[in-house]
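# What the coordinates show
Letter by letter, the chains look like this.
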Amino acid sequence: MDNVTTAEGIAHAEHAGHDEHELSFLQAYVFSQDHKVIGIQYAITALLFLLFGFTLMMLMRWNLAFPGRPIPVIGNFLGMANAPGGIMLPEFYNQLGAMHGTIMVFLGVVPLAVGGFGNYVLPLQIGAPDMAFPRLNMASYWSFFLGGIVMIASFFVPGGAANSGWTSYAPLSVIATDGQTWWLIGMIFLITSSLLGSVNFIVTTLQLRAPGMSFMRLPFFVWAQLVTSFLLLLAFPPLEAAGVLQLMDRVADTSFFMPSGLVTGDGPLEISGGGSPLLWQHLFWFLAHPEVYVLILPALGIVGEIVANNTRKPLWGYRVLVASVIFLGFMSFIVWAHHMFLTGMGTTISTFFQTTTMIISIPSVVILSAMFLSLYGGSIRYTVPMLFALAFLPMFGIGGLTGLPLGLTAPDIHLHDTYYVIGHFHYVVAPGTIFALFGGIYYWFPKATGRLMNDMLGRIHFWGSIIAINCVFMPMFVTGLAGMNRRLYDGGMQYAHLQGVLEWNQFMSYGAWALGFFQIFFIFNFFWSIRHGKKVDDNPWQSTTLEWQAPSPPPHGNFTTPPEVHRGPYEYSVPGASSDFSMQGQAPGAEPAKV
Amino acid sequence: MEIPYTVEARPDTGLNNVKLGIWLFLASEVMLFGGLFSSYVLLRVGAVEWPQGAEFLNIPIGTVNTIILIASSVTMVMAYASLKLGDFAKYKTYMLATVLLPVLFLCIKGYEYWEKVSHDHLPSHSTFLAIYWTMTALHGIHIIGGIVVNGYFWGPGSKMWHIKREMFENRVEAAGLYWHFVDLVWIFLFPVLYLL
């Protein structure tokens with residue numbers, strides 16, 4: 001049995017055809033309950049949303065670079081209400097800003113990192129036939145899809161989409177146009193989706209581990225997903241509560257977030273008052289700070305897998321990594337108010353959150369250091385996934401370290417709400433998380449399709465993107481330190497103190513458009529490689545974890561023989577072993593599978 | 001490969017998938033209502049004046065409703081116990097009570113709502129009434145969810161008992177855990193809104 005597990009599992013890969021009863025097209029590809037199909041649905045939908053959200057940003061960058069000038073070609077299609085004569089109105093800029101944030105975070109990165117990679121890879125890595133609740137898994141995807149449709153549709157309601165920032169701060173969001181109501185309804189769908197997903201992930205990880213897959217044998221990616229799921233499970237519901245309260249404020253004229261005596265351009269508001277705008281911020285950031293770790297943890301997991309595989313040595317300090325991730329998860333629940341130092345909530349509270357923020361930087365640095373130490377002494381293979389993983393490390397480092405001054409109350413007074421903040425968190429999420437996700441796509445693409453993505457196109461995509469993305473975000477630290485506010489639709493041209501840094505606006509915009517250009521190589525590569533990529537066997541990267549033991553693409557039920565686990569996740573270059581990788585399912589003493 | 005531990009417990013965790021899943025779901029529900037109760041506390045301590053619940057709400061009616069929900073929790077336990085003892089007929093009776101009692105609860109709640117509306121005590125009237133309407137309505141939606149699920153296990157879903165007995169018992173147990181949670185929320189809501 002032991003020997004059979006790997007050897008036959010791989011030998012049987014060719015006839016992956018499974019004797020399942022035939023499914024109709026709708027059942028197999030649309031309303032599928034197979035975690036792999038759902039994972040791919042999530043991934044492709046999320047990639048489309050990422051592209052859409054990025055397109056919104058490229059439009060915004062036009063107005064920042066050339067304020068008041070008509071947008072060429074595209075400007076004609078934006079409509080009179082948004083861009084008369086092709087010139088973007090400030091109201092429309094606000095919509096784009098709010099929706100860029102919302103779409104990138106809730107419809108792009110999280111669904112790709114958790115819904116896409118988590119769904120596809122996690123059950124395979126723990127040796128499970130599927131997720132624990134396949135039907136819930138399908139419901140999770142469709143709830144996400146509906147939420148996305150509601151968000152997109154909100155662009156077409158009178159007054160346009162939500163325009164109060166992705167944070168939807170009250171009272172502005174309460175008196176905003178109808179798009180905000182759609183935003184809230186969309187969020188409720190998305191929260192439901194992530195709730196169903198996170199329950200499913202946790203149960204799957206705890207219950208469906210293959211025989212021998214103890215917790216300390218779980219790949220780091222699985223640990224990262226598990227902690228992420230707990231964050232989603234426990235942090236999202238308070239935002240749902242907040243969303244319901246804000247919906248009541250908007251629809252039933254309550255005053256949960258509305259203070260007394262509020263006056264707008266139309267005169268005093270007819271409300272009972274007595275509410276607290278700060279309450280919204282507390283509830284929002286109670287979700288949204290753990291959400292930051294939801295964005296970053298799966299990326300760290302992916303990078304861990306790719307680094308171990310391409311350095312051909314075990315991840316440095318696996319146990320420390322696991323402990324750090326768990327500690328990070330706990331701490332992420334008590335740092336939220338560092339987003340609110342300037343709200344007047346009081347210095348005592350600020351000091352508390354400043355302290356916890358400094359503490360949470362420790363496990364983050366531990367994880368990053370462990371990744372760097374993993375590189376030391378390895379014979380690194382510079383594959384395309386590895387390039388993205390290697391770029392992730394310093395980029396995430398820049399993002400993390402620039403966050404420290406923001407977490408201290410004194411420098412935050414100067415830096416709050418400037419482009420410095422934008423630069424900081426984009427370094428974490430864009431060349432950080434999104435690069436890791438690109439790396440993950442190049443890495444697991446052969447598992448999902450049986451073919452490699454084109455190497456040359458991948459390298460062009462990588463080098464173009466890494467240069468362009470730094471041109472976008474690095475100058476933000478400069479303009480931010482100079483005091484450029486993050487929400488100015490004309491890039492701050494009216495301010496005397498910004499005249500010296502305005503030229504960076506055009507530079508950053510060219511960077512953003514160049515970044516967009518280099519994504520064409522990825523998009524083409526992705527679709528072209530599905531049919532024309534180089535055919536490879538089940539384990540093209542000579543990896544150790546269980547997913548590479550399944551056929552490519554894995555059939556329904558995943559494994560041809562039930563896997564059994566005999567060793568830890570990263571046994572690369574084990575002294576005395578006959579090959580430089582020992583797969584988790586390979587019994588001690590057994591010959592490694594020929595690949 | 002079949003999905004393991006759908007019915008039997010996994011030895012090292014001591015749980016089956018359903019039970020672990022429902023507990024995790026309840027954990028998120030705790031956070032949902034926890035967020036609302038925290039909002040209540042923050043709004044109340046920040047308010048210039050806050051009415052006594054009795055100024056707007058009818059305490060005797062609230063008490064009756066509390067008793068009804070606690071009774072439905074008891075019948076839920078009895079229903080599950082009857083299943084475990086193999087007495088399907090008794091299960092049907094108790095489950096029917098578990099479905100009908102919250103319907104009665106909702107009728108009484110509806111009367112309370114109607115009374116509020118007729119006195120123009122709408123959510124926009126004051127923050128107290130706003131939080132009253134929001135929290136009881138959200139709780140009411142949870143009650144409706146419970147009625148649907150329990151109704152299904154009383155009616156069409158109960159056929160499963162004859163085919164996959166243990167799986168059916170697990171499902172009823174999960175529905176019961178959810179139902180007790182919904183009752184528990186009310187047990188917090190009642191004193192917080194009506195009595196304090």
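Our structure is the block above this text.
All of the points below concern the structure found in this document. (Residues numbered from 1 in each chain as written. Chains lettered and ligands numbered in written order. Predicted model: local features only at pLDDT ≥ 70, side-chain atom pairs only at ≥ 80, totals over all residues. Heavy atoms only, no water.)

### Looking at the overall build of chain B
On a plain count of helices and strands, chain B comes out with 7 helices and 0 strands. When the 196 residues of chain B are sorted by exposure, 51% land in the buried category. Residue pairs at least 24 apart in sequence account for 76% of intrachain contacts in chain B once pairs closer than 6 positions are excluded. Total accessible area computed for chain B in this model is approximately 9000 Å², and 71% of it derives from carbon and sulfur atoms. Positive and negative side-chain charges of chain B, numbering 12 and 14 respectively, have mean locations separated by a distance of 8 Å. (Helix = DSSP H or I, 4+ residues; strand = E, 2+ residues; numbered from the N terminus. Buried < 20%, exposed > 50% of the residue type's maximum accessible area, 1.4 Å probe, protein only. Contact = heavy atoms within 4.5 Å. Areas by Shrake-Rupley, 256 points an atom, 1.4 Å probe, with all protein chains shown as cover. Lys, Arg positive; Asp, Glu negative; His and termini not counted. Charge placed at Lys NZ, Arg CZ, Asp CG, Glu CD.)

### Topic: the packing of helix α6 (residues 179–207) of chain A against helix α7 (residues 220–251) of chain A
Residues and elements named next belong to chain A. Look at α6 against α7: their axes get within 8 Å of each other, and the N-to-C directions meet at 155 degrees. Overall, the two elements α6 and α7 adopt an arrangement that is roughly antiparallel. Taken as a pair, α6 and α7 cross one another with a handedness that is left-handed. Classifying every residue of the contact of α6 with α7 by side-chain character gives 19 nonpolar, 9 polar and 2 charged. (Axes fitted to C-alpha atoms, helices over the stretch in contact; angles between N-to-C directions. Parallel < 35°, antiparallel > 145°, perpendicular 65-115°, else oblique. Left-handed = near helix turned anticlockwise from the far one by under 90°. Nonpolar A, V, L, I, M, F, W, Y, C, P; charged D, E, K, R; others polar.)

### Considerations on the interface of chain B and chain A
Between chain B and chain A, the contact holds 33 residues from the first and 42 residues from the second. Taken together, both faces of the contact between chain B and chain A bury some 3000 Å²; the carbon and sulfur share is 74%. Three residues stand out in chain B for area buried against chain A, namely Met1, Leu24 and Met31 of chain B, and they jointly supply 22% of the buried area on that side. If you look at where chain B meets chain A, you find 1 salt bridge. Close ionic contact of Arg209 of chain A with Asp12 of chain B constitutes a salt bridge, the shortest N to O distance being 3.5 Å. Here chain B is connected to chain A by 6 residue pairs in polar contact (both at pLDDT 80 or more). Counting only elements with at least two residues in the side of chain B that touches chain A, the list comes to α1 (17–46) and α5 (127–154) of chain B. Looking at the side of chain B that touches chain A, the element that brings in the most residues is α1 of chain B, giving 15 residues. Class assignment for the residues of the side of chain B that touches chain A results in 18 nonpolar, 12 polar and 3 charged. (Buried area = accessible area lost by both parts, 1.4 Å probe. Salt bridge = Lys/Arg side-chain N within 4 Å of Asp/Glu carboxyl O. Polar contact = N/O pair within 3.5 Å; in protein donor to acceptor, adjacent residues only side chain to side chain.)

### Side note on the nonpolar core
Judged by nonpolar contacts, the single largest core of 249 residues is most densely connected at Met99, Phe117, Leu239, Leu297 and Phe392 of chain A together with Tyr91 of chain B. In terms of residue count, the dominant contributor to this core is helix α8 (residues 277–311) of chain A (20 residues). Apart from the residues lying within four places of it in its own chain, the contact partners of Met99 of chain A are Leu56, Met104, Met151, Ser154, Phe155, Ala161, Ala162 and Trp183 of chain A. (Core = buried A, V, L, I, M, F, W, Y, C linked by side-chain atoms within 4.5 Å.)

### So, the pattern of salt bridges
Counted by the stated rule, this structure contains 12 salt bridges over all chains. Its salt-bridge partner being Asp12 of chain B, residue Arg10 of chain B comes within 2.6 Å of it at the nearest N-O pair. Residue classification places Arg10 of chain B among the buried residues on the basis of a relative accessible area of 6%. Members of the salt-bridge network, linked through shared partners, are Arg209 of chain A together with Arg10 and Asp12 of chain B.

### Focus on a nonpolar patch on the surface
Residues and elements named next belong to chain B. Taken together, Ile70, Val74, Met78, Leu184, Ile187 and Phe188 make up a surface patch of nonpolar side chains, about 510 Å² in accessible area. Elements represented by at least two residues in the nonpolar patch include exactly α3 (59–84) and α7 (165–195). Within the secondary structure layout, Phe188 lies in helix α7. Judged by relative accessible area, Phe188 falls into the partly exposed class, the value being 48%. (Patch = residues over 30% accessible without salt bridge, like charges linked within 9 Å, V, L, I, M, F, W, Y side chains within 5 Å.)

### Examining the packing of aromatic side chains
Under the defined criterion, the tally for this structure stands at 73 aromatic pairs over all chains. With centroids separated by 6.0 Å and ring planes inclined at 90 degrees, the aromatic side chains of Trp166 of chain A and Trp285 of chain A adopt a geometry described as edge-to-face. Of the two residues, Trp166 of chain A is situated in the loop between α5 (134–153) and α6 and Trp285 of chain A in helix α8; the sequence distance between them amounts to 119 residues. Trp285 of chain A carries the same exposure label as Trp166 of chain A, and that label is buried. Considering the side-chain rings of Tyr132 of chain B and Trp133 of chain B, the 6.3 Å spacing of their centres and the 80 degrees angle between planes classify their relative orientation as edge-to-face. Across the pair, exposure class does not vary: Tyr132 of chain B and Trp133 of chain B are buried alike. Ring pairing ties together the aromatic residues Phe388, Phe435, Phe438, Tyr442, Phe445, Phe462, Trp463, Phe522, Phe526 and Phe527 of chain A, which thus form one cluster. The ring of Phe215 of chain A carries the charged tip of Arg209 of chain A above its face, separated from the ring centre by 4.1 Å. (Phe/Tyr/Trp six-rings, centres within 6.5 Å; stacked < 30°, edge-to-face > 60°. Lys NZ or Arg CZ within 6 Å of the ring centre and 35° of its normal.)

### Observations regarding the packing of α7 of chain A against α1 of chain B
Each pair of packed helices gets described by two things: the angle between the helix axes and the distance between those axes. Interaxial distance between α7 of chain A and α1 of chain B falls to 8 Å at its minimum, and their mutual angle equals 40 degrees. The angle between α7 of chain A and α1 of chain B falls in the class oblique. Crossing handedness for the pair α7 of chain A and α1 of chain B: right-handed. Only Leu24, Ala27, Ser28, Met31, Leu32, Gly35, Leu36 and Ser39 of chain B of α1 of chain B make contact with α7 of chain A, whose side of the interface consists of Phe230, Leu233, Leu234, Pro237, Pro238, Glu240, Ala241 and Leu245 of chain A. Broken down by class, the residue content of the contact of α7 of chain A with α1 of chain B amounts to 12 nonpolar, 3 polar and 1 charged.

### Some details on the environment of Tyr427 of chain A
Residues and elements named next belong to chain A. Structurally, Tyr427 can be placed in helix α14 (residues 419–449). Using a relative accessible area of 0% as the deciding quantity, one classes Tyr427 as buried. C-alpha of Tyr427 to C-alpha of Gly68: the two residues are 359 residues apart in sequence and 29 Å apart in space. In this structure Tyr427 touches Met395, Phe396, Ile398, Gly399, Gly432, Asn470, Phe473, Met474 and Phe477, once residues within four positions along its chain are discounted.

### Considerations on the side chain of Thr167 of chain A
All names here are of chain A. Mapped onto the fold, Thr167 is located in the loop between α5 and α6. Taking the relative accessible area as the measure of exposure, Thr167 reaches 6% and is therefore buried. Once residues within four sequence positions are removed from consideration, Thr167 is found in contact with Trp280, Phe284 and Trp285.

### Details of unusual backbone geometry
Residue and element names in this part refer to chain A. A cis amide bond links Ala170 with the next residue in sequence, Pro171, at an omega value of 0 degrees. Summarising the element assignment, Pro171 is placed in the loop between α5 and α6. Omega for the bond connecting Ser552 with Pro553 falls within 30 degrees of zero, at -10 degrees, which places this linkage in the cis form. Looking at where Pro553 falls in the secondary structure, it is placed in the segment after α16 (503–532). Unlike most non-glycine residues, Asp253 shows phi in positive territory, near 60 degrees. In this fold, Asp253 is placed in the loop between α7 and β1 (263–264).

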